[in-house]
Amino acid sequence: MNEPLTREEDTDKLAHFRSIFREELIRHRTYRLDLFFRLQFPNEESNKKKSPESLDPTDALASSAPISVRQHVLFKAISRNFGRLASVANETLASATDGTLDAARFRSLAAAIRRLDSALDRFDAAITASLTDVDELTGLLNRAAMERDLERELAHARRNQSPLCVAMVDADHFKRVNDIYGHGFGDAVLEELADRFEAALRPHDRVYRYGGEEFLIMLPETTLQDGVQVIERLRQTVSETSISEDDVEVFQTISAGVAQAGEQDENEDVIERADGALYEAKASGRNRVVAVSV
Ligand SMILES: Nc1nc2c(ncn2[C@@H]2O[C@H](COP(=O)(O)OP(=O)(O)OP(=O)(O)O)[C@@H](O)[C@H]2O)c(=O)[nH]1
């Protein structure tokens, strides 16, 4: 299974990139018509202007693509398949010009076009899927993405006998923040928390907005002891620095429950245990991390 196309890029950036990609698709389809025209009329003067290589769609896309997109396996597949098509197109055009174009060569041109089309379509589908994975307020991955990823991580942990931790993290007394400073400021706090979580975690850890003021953090290849340390560090980082906007400033704290996944666990099992630990953290005073073993 491919890695998701983009995780941390925000929705606007990706939506913008998708609109550029769609334009490129249209240009690419026009190019195909052009190619057939050239094969029919190889000696027309107007046909000699453009070489197939100059029309690589990934050239035009690379400058506006977020890094995670450029490095994505499907993006590389477009480039590779375009390279093949350009080379077959050159050979086919040459044989059309000298009158030796035959069915076999034409078939290999059609096959190269089909392969490139398939790469373009899969890439398009991946962009669309990534857009629906992103929470619009925080730019984090949403709950639907979490459910899918957790299932995959649990299977991976089972297969490799590796540890996996899940943390449920919740902003403390968040209702008060909304009530006192307004919903707009509450939103800003959630955005800031999301940024701090992402900045404090390691690249292979993942943060999701679980819903409302609740977040889920997935820590692959992490034992319960290490997971608690990671989340405890996060808790400290969040509580030490205030969050401010205009003339409002708050010190927001978080509570967390950390659970290690057991071998038989499905998504709901490990989430339920982490949630139970979070409940304990709240009940015992908030601004703390509670761990629960399998
Ligand atoms: N601004 C803002 N508030 C939200 C959002 N989603 C949920 N909330 C608010 O988060 C608050 C959660 O309140 P409670 O569930 O009572 O919990 P709490 O006040 O954080 O108290 P404890 O969790 O017990 O510490 C509610 O007021 C929700 O309206 C959001 O997207 N933006």
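Residues numbered from 1 in each chain as written. Predicted model: local features only at pLDDT ≥ 70, side-chain atom pairs only at ≥ 80, totals over all residues. Heavy atoms only, no water.

Per an unreviewed UniProt entry, the recorded name for the chain is diguanylate cyclase, and the organism is Ectothiorhodospira magna. Quoted verbatim from the Cofactor (unreviewed entry) field of UniProt, the annotation for the chain is "Mg(2+)". For the chain, the Catalytic activity (unreviewed entry) comment in UniProt is given as "2 GTP = 3',3'-c-di-GMP + 2 diphosphate". (UniProt positions renumbered as here; feature names shortened; annotations may be inferred.)

**Student:** Looking at this structure, how should I read the overall build of the chain?
**Tutor:** Each helix and strand counted, the chain has ten helices and seven strands in total. In the chain, of all internal contacts separated by at least 6 residues, the share reaching a separation of at least 24 is 73%. Of the accessible surface of the chain, which amounts to about 14,900 Å², a share of 49% is contributed by carbon and sulfur atoms. (Helix = DSSP H or I, 4+ residues; strand = E, 2+ residues; numbered from the N terminus. Contact = heavy atoms within 4.5 Å. Areas by Shrake-Rupley, 256 points an atom, 1.4 Å probe, with all protein chains shown as cover.)

**Student:** I tried to follow a nonpolar patch on the surface on my own but got confused; where do I start?
**Tutor:** On the surface, a nonpolar cluster with roughly 220 Å² of combined accessible area is contributed by Phe36, Leu101 and Phe106. Looking at the element boundaries, Phe106 is found in helix 5 (residues 103-133). (Patch = residues over 30% accessible without salt bridge, like charges linked within 9 Å, V, L, I, M, F, W, Y side chains within 5 Å. Salt bridge = Lys/Arg side-chain N within 4 Å of Asp/Glu carboxyl O.)

**Student:** I'm lost on the nonpolar core in this one. Help?
**Tutor:** The nonpolar side chains of soluble globular proteins are, as a tendency, buried together. Counting residues in hydrophobic clusters, the biggest one holds 31 residues, and the most contacted among them are Phe17, Phe21, Leu109 and Phe123. If you look at the next biggest cluster of nonpolar residues, it comprises 30 residues, including Phe185, Leu190, Val207 and Leu219. (Core = buried A, V, L, I, M, F, W, Y, C linked by side-chain atoms within 4.5 Å. Buried < 20%, exposed > 50% of the residue type's maximum accessible area, 1.4 Å probe, protein only.)

**Student:** I would appreciate a short explanation of the confidence of the model for the chain in the present structure.
**Tutor:** Do not read the predicted coordinates in detail wherever pLDDT is low. Mean pLDDT over the chain: 87, with 92% of residues reaching 70 or higher. Scored as a whole, the predicted complex attains pTM 0.68, and scored at its interfaces, ipTM 0.96. (pLDDT = per-residue confidence, 0-100.)

**Student:** Sorry, what's going on with the sheet that holds strand 1 (residues 164-171) here?
**Tutor:** Hydrogen bonds along the backbone pair up the strands of a sheet, which may run parallel or antiparallel. The five strands lie next to each other as 2-3-1-6-7, forming an open sheet whose pairing is mixed. Every other strand in the sheet has two partners, leaving strand 2 (206-211) and strand 7 (289-292) as the edge strands with one partner each. Between one strand axis and the next, the sheet turns by 20° as a mean value, whatever way the strands run. Docked against the sheet, helix 6 (residues 143-160) engages strand 1, strand 2 and strand 3 (214-220), running at close to 130° with respect to strand 2. (Pairing = 2+ DSSP bridges. Axes fitted to C-alpha atoms, helices over the stretch in contact; angles between N-to-C directions.)

**Student:** Sorry, what's going on with unusual backbone geometry here?
**Tutor:** A negative phi angle characterises most non-glycine residues, just as the trans form characterises most peptide bonds. Phi angles above zero are rare outside glycine, and Asp246 is one such case at about 50°. Note that Asp246 resides in the loop between strand 4 (243-245) and strand 5 (248-250). The phi torsion at Asn287 lies on the positive side, around 50°, for a residue other than glycine. Among the secondary structure elements, Asn287 is positioned in the loop between helix 10 (267-283) and strand 7.

**Student:** What is the right way to look at the site of the ligand in this model?
**Tutor:** Residues in contact with the ligand amount to 17 residues; listed here are only the nearest, His173, Phe174, Asp187, Arg209 and Arg286. Measuring from an oxygen atom of the ligand, one finds a backbone N or O atom of Lys175 at 2.8 Å. A distance of 3.1 Å separates a nitrogen atom of the ligand from a polar backbone atom of His183. Within the complex, 68% of the 660 Å² of free accessible area of the ligand lies under protein. For the shell around the ligand, the secondary structure elements donating two or more residues are strand 1, helix 7 (174-181) and helix 8 (183-200). Per-element accounting of the shell around the ligand gives the leading share, four residues, to helix 8. Classifying every residue of the shell around the ligand gives four nonpolar, five polar and eight charged. (Near = heavy atom within 4 Å. Polar contact = N/O pair within 3.5 Å; in protein donor to acceptor, adjacent residues only side chain to side chain. Nonpolar A, V, L, I, M, F, W, Y, C, P; charged D, E, K, R; others polar.)

**Student:** Where do I start with the pairing of strand 7 in this structure?
**Tutor:** The two faces of the sheet receive side chains in turn, since in a regular strand these alternate between them. Relative to strand 7, strand 6 (residues 254-260) runs parallel, the two sharing four bridges. By the bridge assignment, Gly257 is partnered in strand 7 with Val290. Running through helix 10, the crossover from strand 6 to the neighbouring parallel element strand 7 is left-handed. (Right-handed = clockwise from strand over helix to strand, strands pointing away.)

**Student:** How should the pattern of salt bridges be read in this particular structure?
**Tutor:** When the charged atoms of two side chains with opposite charge come close together, those side chains can pair. One pass over the structure, following the stated rule, counts 17 salt bridges. One salt bridge in this structure joins Asp133 and Arg148, with 3.1 Å as the shortest N-O distance. Here Arg148 lies in helix 6 and Asp133 lies in helix 5, a separation of 15 residues in the sequence. Taken together, the shared-partner salt bridges in this structure form one network comprising Asp133, Arg148, Asp149, Arg152 and Arg206.

**Student:** When you look at the packing of helix 6 against helix 10 in this model, what are you seeing that I'm missing?
**Tutor:** Two quantities define a packed helix pair, namely the angle between the axes and the distance from one axis to the other. At a minimum axis separation of 9 Å, helix 6 and helix 10 run at an interaxial angle of 105°. Viewed along their axes, helix 6 and helix 10 adopt a mutual orientation that is roughly perpendicular. Across from Met146, Glu147, Leu150, Glu151 and Leu154 in helix 6, the residues of helix 10 making contact are Asn267, Val270 and Ile271. In terms of residue class, the contact of helix 6 with helix 10 is made up of five nonpolar, one polar and two charged. (Parallel < 35°, antiparallel > 145°, perpendicular 65-115°, else oblique.)

**Student:** Sorry if this is basic, but what is going on with helix 7 here?
**Tutor:** Working note: α-helix, 3.6 residues per turn, so residues spaced by three or four point in the same direction. Turning to helix 7, its buried residues number three or more, namely Phe174, Val177 and Asn178. Along the axis of helix 7, the buried residues cluster in a sector spanning 95°; they form a single face. Seen from the buried face of helix 7, the exposed residues on the opposite side, beyond 90 degrees, are Lys175, Asp179 and Ile180. Contacts made by the buried residues of helix 7 are with strand 1 and helix 8. Two residues or fewer past helix 7, Gly182 is found with a positive phi of approximately 100°. (Arc of directions from axis to C-beta.)

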